[in-house]
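Fold and contact review
Here are the chains, one letter per residue:
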Amino acid sequence: GAGVSQTPSNKVTEKGKYVELRCDPISGHTALYWYRQSLGQGPEFLIYFQGTGAADDSGLPNDRFFAVRPEGSVSTLKIQRTERGDSAVYLCASRRGTTGNTGELFFGEGSRLTVL
Amino acid sequence: GENVEQHPSTLSVQEGDSAVIKCTYSDSASNYFPWYKQELGKGPQLIIDIRSNVGEKKDQRIAVTLNKTAKHFSLHITETQPEDSAVYFCAASLSGTYKYIFGTGTRLKVLA
C-alpha cells in the first residue's frame, strides 16, 4: 500500500518568500505529525494533528509557521517570510491514532527546504 | 525542557560484531521508547520499540533493553551486516502529550 507522500521533495527559495509543503498521510491514519530535521540532528517536533484539529502546536518556532489539515487527511505546512535558518528537511509522519500516545510513526521521505 | 541524549554519535564495527547504542531520557513518566533507522535520503523507519512495563524485547538480531530506574535504554544489534549501516535514532514519548522526543542520532558503519 502507499506510504506517506510528501511534496515537493526539494524546494529552493529566496529569503523572504512564502513556502508550502504538502503531506499526504497513509489512508485511515488520524494522527499526523510534522517534524523538522537539521543536518546531523534528530527530528524536532513541530505540530501534531488528531483529525482536523491541531492538538499540539507547541513546537512551531514562531508565528511565521502555520499548518492546516482541513479535511483530516492531507496537511500543508506553511512558512511565511522564510529565513536562511529555516533550511532543513521537513518530515511528515502519520500514525493510526488509536494507540494513545504510543505506536509507530510512518514517515515520509521529507521535503528538503533550502532558503538562499 | 525534556530531552533525550544519545551516544555515541558515530560507531564503526566489523561485520559480524555487535553494536550497542545508548540513550538517556529525562521525563520519568515516559512510557514508550521506539528506535528508528534512517537511510540516506529516506525518512526514519521503526525497527523496534518497547513500552515501560517491559524490561527487554528482542526481534531476531535486534534487541532493546530498558532501565526505568536509571532512565536509560539501549539498542543492541548482533551479527552486524553491511546493510545495517545507517543513522539510528532513539526516541521517548513525552508524558501528557502525543509527542515523541528524538535523540541526536548515531551513525553506524559496518565494515565488510
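Look above for the structure.
Right, let's walk through the structure included here. (Residues numbered from 1 in each chain as written. Chains lettered and ligands numbered in written order. Predicted model: local features only at pLDDT ≥ 70, side-chain atom pairs only at ≥ 80, totals over all residues. Heavy atoms only, no water.)

**Points about the state of the cysteines**
Residue and element names in this part refer to chain A. Enumeration over the complete set of coordinates arrives at 2 disulfides over all chains. One disulfide bridge connects C23 with C92, the sulfur atoms lying 1.9 Å from each other. Taking the sign of the S-S torsion, about -70° here, the bridge from C23 to C92 comes out left-handed. Of this pair, C23 sits in strand β3 (residues 19-24) while C92 sits in strand β9 (residues 88-95), and the two are 69 residues apart along the sequence. Exposure remark for C23: the relative accessible area of 0% places this residue in the buried category. Accessibility expressed as a relative area gives 0% for C92, which makes it buried. (Disulfide = S-S within 2.5 Å. Helix = DSSP H or I, 4+ residues; strand = E, 2+ residues; numbered from the N terminus. Buried < 20%, exposed > 50% of the residue type's maximum accessible area, 1.4 Å probe, protein only.)

**Topic: the interface of chain B and chain A**
With 20 residues of chain B in contact, the opposing surface of chain A contributes 22 residues. Interface area for chain B against chain A, summed over the two sides, is near 1,800 Å², with a carbon-plus-sulfur share of 52%. The three residues of chain B that bury the most area against chain A are B:Y98, B:K99 and B:Y100, which together make up 34% of that side's buried surface. On the surface where chain B and chain A come into contact, there are 8 residue pairs in polar contact (both at pLDDT 80 or more). Taken together, the elements giving at least two residues each to the side of chain B that touches chain A come down to β4 (32-38), β5 (45-51), β9 (86-93) and β10 (100-102) of chain B. (Contact = heavy atoms within 4.5 Å. Buried area = accessible area lost by both parts, 1.4 Å probe. Polar contact = N/O pair within 3.5 Å; in protein donor to acceptor, adjacent residues only side chain to side chain.)

**A look at the side chain of B:D84**
Residues and elements named next belong to chain B. Mapped onto the elements of the fold, D84 is located in the loop between β8 (72-77) and β9. In this structure the side chain of D84 is engaged in a polar contact, spanning 2.9 Å, whose partner is the side chain of R61. When sequence neighbours within four positions are dropped, the list of residues in contact with D84 reads K37, R61, I77, E79, L108 and V110.

**Some thoughts on the nonpolar core**
Among the nonpolar cores identified, the biggest contains 25 residues, and B:W35, B:F73, B:L75 and B:L108 are the most heavily contacted of them. Those elements that provide at least two residues to this core are β2 (10-14), β3 (19-25), β4, β5, β7 (62-67), β8, β9 and β11 (106-111) of chain B. Not counting chain neighbours up to four residues away, the residues in contact with B:L108 comprise B:L11, B:V13, B:A19, B:I77, B:D84, B:S85, B:A86 and B:Y88. Counting 20 residues, the second largest nonpolar core, distinct from the first, contains A:L21, A:I26, A:F49 and A:C92. (Core = buried A, V, L, I, M, F, W, Y, C linked by side-chain atoms within 4.5 Å.)

**Description of the pattern of salt bridges**
Opposite charge on two side chains permits them to pair, given that their charged atoms come into close proximity. Taken as a whole and assessed by the stated rule, the structure comprises 8 salt bridges over all chains. With a closest N to O distance of 3.5 Å, A:R64 and A:E83 form a salt bridge. Taken together, the residues A:R64 in the loop between β6 (53-56) and β7 (65-68) and A:E83 in the loop between β8 (75-79) and β9 connect sequence positions 19 residues apart. Overall, the relative accessible area of 39% leaves A:E83 in the partly exposed class. For B:D84, the salt bridge is made with B:R61, and the minimal N-O distance between the two is 2.9 Å. Taken as a pair, B:D84 in the loop between β8 and β9 and B:R61 in the loop between β6 (56-59) and β7 lie far apart in primary sequence, 23 residues in all. (Salt bridge = Lys/Arg side-chain N within 4 Å of Asp/Glu carboxyl O.)

**Examining the sheet that holds β3(A)**
Residues and elements named next belong to chain A. Here we have 4 strands laid out as an open sheet, ordered β1-β3-β8-β7, and antiparallel in their pairing. Whereas interior strands pair on both sides, the edge strands pair on one side only; in this sheet they are β1 (5-7) and β7. Looking at each pair of strands side by side, their axes are set apart by 15° on average, direction ignored. Summarising the sheet, β7 and β8 pair through 4 bridges and their orientation is antiparallel. Looking at β8, one finds that V68 is bridged to T76. (Pairing = 2+ DSSP bridges. Axes fitted to C-alpha atoms, helices over the stretch in contact; angles between N-to-C directions.)

**A word on the sheet that holds β8(B)**
All names here are of chain B. An order of β1-β3-β8-β7-β6 is seen for the 5 strands of this open sheet, with the pairing classed as antiparallel. The strands lining the two open edges of the sheet, one partner per strand, are β1 (4-7) and β6. Neighbouring strand axes in the sheet, compared pairwise and without regard to direction, differ in orientation by 15° on average. Both β7 and β8 contribute to a ladder of 6 bridges, which runs antiparallel. When the bridges of β8 are listed, V64 appears paired with L75.

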